[in-house]
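Structural features, examined
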Amino acid sequence: MDYSLKVMDHFSNPRNMGSIEDSDGVGEVGNSKCGDIMKIYLKVEDNRIADVKFQTFGCGAAIASSSMATEMIKGKTLEEAWKLSNKAVAEALDGLPPIKMHCSMLAEEAIHEAINNYLKKKGLEPWTE
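Residues numbered from 1 in each chain as written. Predicted model: local features only at pLDDT ≥ 70, side-chain atom pairs only at ≥ 80, totals over all residues. Heavy atoms only, no water.

**Some words on the sheet that holds strand β3 (residues 48-57)**
We apply this condition: Two strands are counted as paired when DSSP detects at least two bridges linking them. Only DSSP runs of H or I reaching four residues or more are called helices, and only runs of E reaching two or more are called strands; each is numbered from the N terminus. Between the N-to-C directions of two axes lies an angle of 0 to 180 degrees, each axis being a line fitted to C-alpha atoms and, for a helix, fitted only over the stretch in contact. Contact criterion: two residues are considered in contact whenever any of their non-hydrogen atoms come within 4.5 Å of each other.
One open sheet holds the three strands; their spatial order is β1-β2-β3, and the pairing between them is antiparallel. Strands at the two margins of the open sheet, each flanked by one partner only, are β1 (25-31) and β3. Strand-to-strand twist across the sheet, computed as the mean angle between neighbouring axes with direction ignored, equals 15 degrees. Relative to strand β2 (residues 36-45), β1 is paired through seven bridges, and the arrangement is antiparallel. What sits directly across from Gly 30, in β2, is Ile 37. Each of β2 and β3 is contacted by helix α2 (residues 60-73), which is oriented at about 175 degrees to β3, the strand it contacts most. Running at roughly 145 degrees to β1, helix α5 (residues 101-121) makes contact with β1 and β2 of the sheet.

**Brief notes about the packing of helix α1 (residues 5-12) against α2**
A pair of packed helices is captured by two measures, namely the crossing angle of their axes and the spacing between those axes. Going by this rule: When describing relative orientation, an angle under 35 degrees is termed roughly parallel and one over 145 degrees roughly antiparallel, while 65 to 115 degrees is termed roughly perpendicular and anything else oblique. Side-chain classes follow a simple rule in which Ala, Val, Leu, Ile, Met, Phe, Trp, Tyr, Cys and Pro form the nonpolar group, Asp, Glu, Lys and Arg form the charged group, and the remainder, Gly included, forms the polar group.
Remark: α1 packs on α2, axes separated minimally by 8 Å, with the N-to-C direction vectors making an angle of 85 degrees. Classified by the angle their axes make, α1 and α2 are roughly perpendicular. From α1, Val 7, His 10 and Phe 11 reach across to α2, where they touch Gly 60, Ile 63, Ala 64, Ser 67, Met 68 and Glu 71. Residue composition of the contact of α1 with α2, grouped by class: five nonpolar, three polar and one charged.

So far we have only geometry, and geometry alone does not tell us how the molecule works.
Put into structure tokens, the structure is as follows:
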């Protein structure tokens, strides 16, 4: 399978890998079809993502998608992070093979889960698409 240089870079040198012990929001999603599991941790300050980390068990495209997505939402408001689409993640990676597009979808879903987890902890209504 042909991957772009950016995918290979984010797979080989993932950014923001790890966890945040006192995180404000955590989102975990998985795809039983392919076995990829993605967990996103958020630290929120003044409605901005002050820090973000990920743990991903999966293929190279899943790890690269997690890495790129966390880079793209760091420092953004919750609203801006919510709007990050899987297509934007794939484009930032200079594309993903069609069979691996679900990996960027997992990143989008994990971010949504983490934001909604944060909102629930604050006693607020979760957001919907």
